[in-house]
Amino acid sequence: MNPRKKVDLKLIIVGALGVGKTSLLHQYVHKTFFEEYQTTLGASILSKIIILDDTTLKLQIWDTGGQERFRSMVSTFYKGSDGCILAFDVTDPESFEALDIWRDDVLAKIIPMEQSYPMVVLGNKIDLEDRKYQGTAENHLIDSIKLSPGQPKSRCC
Ligand SMILES: Nc1nc2c(ncn2[C@@H]2O[C@H](COP(=O)(O)OP(=O)(O)OP(=O)(O)O)[C@@H](O)[C@H]2O)c(=O)[nH]1
Ligand SMILES: [Mg+2]
């Protein structure tokens, strides 16, 4: 029997202040949700191991704070990452429009080992009623995130 392959991945999550980056990572890793808002000062790291087919993936997920004053410090953590989650709040169009800036900032700072660098757009807070972005909105989001030719492709979920 083949031993499982082991792959370490460094992922980062970025996005505006309060869109729910920390909450969704804690939900994903620890299955806990905090109602109380505590802004992330700088960055913190969460780990999760998942098994995908014959591969054991060790995820190291860097949760970054959305505060402007930490922006240049936080962006030093982007280096060496294998992929990025661009998070926004579906009730807050400003947080969605800011993704262009977050994306450009990440692309300017990463030093990708591979040519392609996966980025995923994630709309959070879909439980709230004043949602401005509906459904999977996949095409809408892909159109809205302005991609220039030659740039890595963003995808939304
Ligand atoms: N209704 C609702 N509230 C959420 C959701 N996710 C997060 N929140 C709330 O939004 C607030 C901000 O959540 P955080 O996870 O701290 O946001 P953040 O993006 O990490 O914020 P910074 O670290 O300051 O950049 C908290 O009060 C959370 O409880 C969600 O899916 N639905
Ligand atoms: Mg946070």
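Structure: see above.
The rules behind these values
- Residues numbered from 1 in each chain as written.
- Chains lettered and ligands numbered in written order.
- Predicted model: local features only at pLDDT ≥ 70, side-chain atom pairs only at ≥ 80, totals over all residues.
- Heavy atoms only, no water.
- Core = buried A, V, L, I, M, F, W, Y, C linked by side-chain atoms within 4.5 Å.
- Buried < 20%, exposed > 50% of the residue type's maximum accessible area, 1.4 Å probe, protein only.
- Helix = DSSP H or I, 4+ residues; strand = E, 2+ residues; numbered from the N terminus.
- Contact = heavy atoms within 4.5 Å.
- Polar contact = N/O pair within 3.5 Å; in protein donor to acceptor, adjacent residues only side chain to side chain.
- Salt bridge = Lys/Arg side-chain N within 4 Å of Asp/Glu carboxyl O.
- Donors = N, O, S within 2.8 Å, 3.2 Å for Na, K, Ca; no water.
- Pairing = 2+ DSSP bridges.

## As for the nonpolar core
At step 1: Within the largest apolar cluster, 34 residues are counted, with the highest numbers of intra-cluster contacts made by Ile12, Val14, Tyr78, Cys84, Leu86, Trp102 and Val106.
At step 2: Secondary-structure elements contributing two or more residues to this core are β1 (5–15), α1 (21–30), β3 (55–64), β4 (83–89), α4 (99–109) and β5 (119–124).
At step 3: By residue number, the principal contributor to this core is β4, which donates 5 residues.
At step 4: Beyond its immediate chain neighbours, meaning those up to four positions away, Cys84 contacts Ile12, Val14, Val106, Tyr117, Pro118, Met119 and Val120.

## Points about the environment of Lys132
At step 1: Take Lys132: it is sitting in the loop between β5 and α5 (138–144).
At step 2: Note: C-alpha distance between Lys132 and Gly15 (117 residues apart in sequence) is 17 Å.
At step 3: Beyond its immediate chain neighbours, meaning those up to four positions away, Lys132 contacts Val90, Thr91 and Pro93.
At step 4: A polar atom in the side chain of Lys132 sits 3.2 Å from the backbone oxygen of Asp130.

## A closer look at the pattern of salt bridges
At step 1: Scanning the entire structure with this criterion turns up 5 salt bridges.
At step 2: The salt bridge involving Arg103 is made with Asp100; its shortest N-O contact spans 4.0 Å. Note that Arg103 and Asp100 are positioned in helix α4 at a spacing of 3 residues, about one turn of the helix. There is no split in this pair, since Arg103 and Asp100 are both buried.

## Observations concerning the coordination of the magnesium ion (ligand 2)
At step 1: Coordination of the magnesium ion (ligand 2) by the protein comes from Thr22 (OG1) and Thr40 (OG1), over a distance range of 2.0 Å. Residue Thr22 is found in helix α1, and its partner Thr40 is found in the loop between α1 and β2 (43–52); the two are separated by 18 residues along the sequence.
At step 2: For Thr22, a relative accessible area of 22% corresponds to the partly exposed category.
At step 3: When its relative accessible area of 14% is taken as the criterion, Thr40 is described as buried.

## A few points about the pairing of β1
Looking along a regular strand, one sees the side chains alternate between the two faces of the sheet.
At step 1: With 9 bridges joining them, β1 and β3 adopt parallel strand pairing. Its bridge partner lying in β3, Asp8 is registered against Lys58.
At step 2: Inspection of the sheet shows β1 paired to β4 by 5 bridges, in the parallel sense. For Val14, the partnering residue across the bridge sits in β4 and is Leu86.

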